[in-house]
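Reading the structure
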Amino acid sequence: MQELEERIQSEGTVKAGDVLKVDAFLNHQCDVRLFDRMGAAWAKHFAGKHITKILTIEASGIGIACVAAQHFGNVPVVFAKKAQSINLDGDQYTTTVYSFTKQKEFPVIVSKKYLNAGDHVLLIDDFLANGKALRGLIDLCKAAGATVEGIGIAVEKGFQGGGDALRADGYDVDSLAIVESMDPGTGEITFRH
Ligand SMILES: O=P(O)(O)OC[C@H]1O[C@H](OP(=O)(O)OP(=O)(O)O)[C@H](O)[C@@H]1O
Ligand SMILES: O=c1[nH]c(=O)c2nc[nH]c2[nH]1
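These numbers were taken from a predicted model, which means no experiment stands behind them.

**Examining the pairing of strand β4 (residues 77–80)**
Note that strand β3 (residues 53–57) and β4 share four bridges and pair parallel. Note that in β4 the partner of Ile57 across the bridge is Ala80. Note on the crossover from β3 through helix α3 (residues 61–69) to β4: the handedness is right-handed.

And the structure:
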């Protein structure tokens, strides 16, 4: 998606440790008109797929998924929680995920009420790096007997390999920008096309 690549080039910064900072528009301050166009792009890619639910993970995927849902017939958006809460009752599907930016392991929890066998799920997230977050969401879908119809990602860091491993496993991963390389010294960012 050319618009997203241009925003990354003009507003993104490359940090040490393979971190791309795009919090001016994607995952701190949110450009909802951009999110809307990202939703439209995923709707075009996944046209013809029967999607009954969007599943994402706290925190940064939530806003993007909610805006994107409007392009999928306003299907419900469920987000996996990364902490137990007195607000979480009843049976739950749980797994654990190592968080790239927080550098620690989190529980990942979805109430059994909100993910079911028979659901056809689109996974949405802001970033795909090593694929840990998505593998966790896929595990939750498997536990529920739900079908993963596809994966919509805003920014994939292709050089970290998580996306290619998911594609090799047969998942339809639509990343709107795939960073091929980025250099914290010069700030140069290149994209895969
Ligand atoms: O492919 P991976 O290696 O799993 O990296 C991608 C994940 O990392 C970020 O989550 P993180 O927990 O770092 O931050 P967040 O709370 O802002 O979503 C991002 O939102 C993805 O969920
Ligand atoms: O803002 C972010 N920048 C990144 O490089 C990244 N990788 C995973 N999750 C991420 N979030």
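**Observations concerning the site of ligand 1**
Inspection of the region around ligand 1 gives 20 residues, with Ser99, Thr101, Ala129, Lys132 and Ala133 positioned closest. In terms of residues, the shell around ligand 1 owes the most to one element, strand β7 (residues 120–128), which gives four residues.

**Focus on the site of ligand 2**
What surrounds ligand 2 is the set Val19, Leu20, Lys21, Asn27, Phe100, Thr101, Phe127 and Ala129. It is strand β2 (residues 19–21) that contributes the most residues to the shell around ligand 2, three residues altogether. Of the residues that constitute the shell around ligand 2, the class distribution is five nonpolar, two polar and one charged.

**A short note on the UniProt feature "binding site: xanthine" (unreviewed entry) in the protein**
The UniProt record annotates "binding site: xanthine" (unreviewed entry) at Leu20, Asn27 and Lys157. Residue placement: Leu20 occurs in strand β2. Relative to the elements of secondary structure, Lys157 occurs in strand β8 (residues 147–157). Judged by the 23 C-beta atoms lying within 10 Å of it, Lys157 falls in the buried class. In this structure, Lys157 is in contact with Asp18, Leu20, Ala129 and Val179, ignoring residues within four places of it in sequence.

**What about the environment of Lys21?**
Counting through the fold element by element, Lys21 comes out in strand β2. Remark: the alpha-carbon pair of Lys21 and Lys49, spanning 28 residues in sequence, is separated by 32 Å. In this structure Lys21 touches Gly12, Thr13 and Lys15, once residues within four positions along its chain are discounted.

**What about α3?**
Gly61, Ile64, Ala65, Val67, Ala68 and Ala69 are the residues of α3 that are buried. For α3, the secondary structure elements touched by its buried residues are α2 (32–45), β3, β4, β7 and β8.

Cut-offs used in this document
Residues numbered from 1 in each chain as written. Chains lettered and ligands numbered in written order. Predicted model: local features only at pLDDT ≥ 70, side-chain atom pairs only at ≥ 80, totals over all residues. Pairing = 2+ DSSP bridges. Helix = DSSP H or I, 4+ residues; strand = E, 2+ residues; numbered from the N terminus. Right-handed = clockwise from strand over helix to strand, strands pointing away. Near = placed C-beta within 6 Å. Nonpolar A, V, L, I, M, F, W, Y, C, P; charged D, E, K, R; others polar. UniProt positions renumbered as here; feature names shortened; annotations may be inferred. Buried ≥ 20, exposed ≤ 12 C-beta atoms within 10 Å, placed from the backbone. Contact = placed C-beta atoms within 7 Å.

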